[in-house]
Amino acid sequence: MPPFEIENLKSLKQLEGREFPATDWFVVTQDRIQKFADATEDRQWIHLDPERAQRESTFGGSIAHGFLTLSLLSYWMKQAIQIRSGLAMAVNYGLNKVRFPSAVRAGSQVRARVTLLSAKESPEFVDATFLIHVESQGFESQDVESQGVHSKSSSKPCCVAEWLVRYYPK
């Protein structure tokens, strides 16, 4: 699906509270999980040993790192919205809150739902706060809090993040 088009940074303020169309599905492969482990040095067996994870974990197989899911936010943001004019650059300014309510099994598909919570304008930049819900489908997923089994599309998101993006005008 093409991104929601926003005319310019001044238009952002008018969209506060708006949820943009969901992004495309993205498959989280075991290979991607391996590459993320190599990049971050996080090589816990629940991520890298599918057979052991199937035998010994409550997740029924290997799972993606929570931070891997989180790192895809910028990928999804490009799919969610596009500012047509007057933008020099956008930078990741930080996070207010992040949670990983359910696990992402290797081979699952994930996508994001993006809502603009606020846009604060200043002469040098615009600070936007987005609420992002990442949902998963493809395998029965395990709820991290209760370890209960859900349907093929988890009833809980696999990541919920409040993300700050700073936009600099041209």
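Just so it is clear, the structure is predicted and the values come from calculations on it, not from any experiment.

Along the chain, the regular secondary structure elements total 6 helices and 7 strands. In sequence order, the chain lays out its α and β elements as β-α-β-α-α-α-α-α-β-β-β-β-β. When the 170 residues of the chain are sorted by exposure, 42% land in the buried category. For the chain, restricting intrachain contacts to residue pairs at least 6 apart in sequence, the fraction spanning at least 24 positions comes to 74%.

Before going further, it helps to examine the nonpolar core. Counting 37 residues, the largest nonpolar core has Leu-12, Phe-130, Ile-132 and Tyr-167 as its most contacted members. Those elements giving two or more residues to this core turn out to be α1 (9–12), α2 (30–40), α5 (66–71), α6 (73–80), β3 (81–83), β5 (109–121), β6 (126–137) and β7 (159–169). Apart from residues lying up to four places away in sequence, Leu-12 is in contact with Ile-6, Leu-116, Ala-119, Val-126, Ala-128 and Tyr-167.

In this structure the tally under the stated criterion is 5 aromatic pairs. Ring plane angle 50° and centroid distance 5.2 Å describe the contact between Phe-4 and Phe-20, whose orientation is recorded as tilted. Here the residue Phe-4 occupies a position in strand β1 (residues 4–6), and Phe-20 occupies one in the loop between α1 and β2 (26–27), the gap between them amounting to 16 residues. Taking relative accessible area as the criterion, Phe-20 reaches 2% and is therefore assigned buried. An aromatic cluster is defined as three or more aromatic residues linked by ring pairs; in this entry it consists of Phe-26, Tyr-75 and Trp-76.

About the criteria used
- Residues numbered from 1 in each chain as written.
- Predicted model: local features only at pLDDT ≥ 70, side-chain atom pairs only at ≥ 80, totals over all residues.
- Heavy atoms only, no water.
- Helix = DSSP H or I, 4+ residues; strand = E, 2+ residues; numbered from the N terminus.
- Buried < 20%, exposed > 50% of the residue type's maximum accessible area, 1.4 Å probe, protein only.
- Contact = heavy atoms within 4.5 Å.
- Core = buried A, V, L, I, M, F, W, Y, C linked by side-chain atoms within 4.5 Å.
- Phe/Tyr/Trp six-rings, centres within 6.5 Å; stacked < 30°, edge-to-face > 60°.

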